[in-house]
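Tertiary structure, described
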Amino acid sequence: MATLRLFAQARELAGTAKVDIDAATVGAVVAEARTRFGPDFASVADNARVWLNGSPADDADPVVAGDEVAILPPVSGG
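Just so it is clear, the structure is predicted and the values come from calculations on it, not from any experiment. (Residues numbered from 1 in each chain as written. Predicted model: local features only at pLDDT ≥ 70, side-chain atom pairs only at ≥ 80, totals over all residues. Heavy atoms only, no water.)

Examining the pattern of salt bridges
The cut-off we apply is this: In what follows, salt bridge is the name for a side-chain nitrogen of Lys or Arg lying within 4 Å of a carboxyl oxygen of Asp or Glu. Per the convention used, a helix needs a DSSP run of H or I reaching at least four residues, while a strand needs a run of E reaching at least two, with both numbered from the N terminus. Accessibility here uses a 1.4 Å probe with only protein chains present; expressed as a share of the type maximum, an area under 20% marks a residue as buried, one over 50% as exposed, and anything in between as partly exposed.
Considering all chains together, one arrives at three salt bridges under this definition. Across the pair R5 and E68 runs a salt bridge whose closest N-O atoms are separated by 3.7 Å. Taken as a pair, R5 in strand 1 (residues 2-6) and E68 in strand 5 (residues 68-72) lie far apart in primary sequence, 63 residues in all. Between R36 and E32 there is a salt bridge, and its shortest N-O distance comes to 2.9 Å. With R36 and E32 both in helix 2 (residues 26-37), this residue pair falls four residues apart, about one helical turn. Judged by its relative accessible area of 42%, R36 is partly exposed.

Section: the nonpolar core
Stated precisely, the cut-off is as follows: For this analysis, a nonpolar core means a set of buried residues of the types Ala, Val, Leu, Ile, Met, Phe, Trp, Tyr and Cys, connected via side-chain atoms within 4.5 Å. For this analysis, residues touch if any pair of their heavy atoms sits within 4.5 Å.
L4, V26, V29, F41, V69 and I71 are the most contacted members of the largest nonpolar core, which has 22 residues in total. Every element with two or more residues in this core is listed here: strand 1, helix 1 (8-14), strand 2 (18-21), helix 2, helix 3 (39-46), strand 3 (49-52) and strand 5. Top element by residues in this core is helix 2. It accounts for four residues. With residues near it in sequence (within four places) discarded, V26 still touches V50, L52, A57, D58, D59, D61, V63 and V69.

Quick look at the pairing of strand 1
Looking down a regular strand, the side chains alternate between one sheet face and the other. Worth spelling out the cut-off: Whether two strands pair depends on DSSP finding at least two bridges between them.
Burial along strand 1 is one-sided: A2, L4 and L6 are buried, and none of T3 and R5, which face the opposite way, are. Of the strand pairs in this sheet, strand 1 and strand 2 are connected by four bridges, and their pairing is antiparallel. Among the inter-strand pairings, A2 is bridged to a residue of strand 2, identified as I21. The pairing of strand 1 with strand 5 spans four bridges and is classified as parallel. The residue of strand 5 that forms the bridge with L6 is I71.

As for helix 3
What counts, and what does not: To obtain the arc, one takes the directions from the helix axis to the C-beta atoms.
What helix 3 keeps buried is the set F41, A42, V44 and A45. Angularly, the buried residues of helix 3 cover 160 degrees about the axis, an arc narrow enough to put them on a single face. In helix 3, the exposed positions angled more than 90 degrees off the buried face are occupied by P39, D40 and D46. Packing partners of the buried residues in helix 3 comprise strand 1, helix 1, helix 2 and strand 5.

From the geometry alone we can't say anything about function, so treat these as descriptive.
What follows is the structure, encoded as structure tokens:
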């Protein structure tokens, strides 16, 4: 089971900063989060960077117990 950590707008839309998700790949973790947290969250996730254990991740990257997947939405401002 991986821990999904959410930041900025993704955290606000999900109503939580982290959640445990049982999935085999990074893509499956993010897909489950889209399903759980709804279409507004999914829109943010579509434009976010996804990291696995502190490194950029691809959807096909495998996850195991104790891994951390992070969704980092784009940040704007100046």
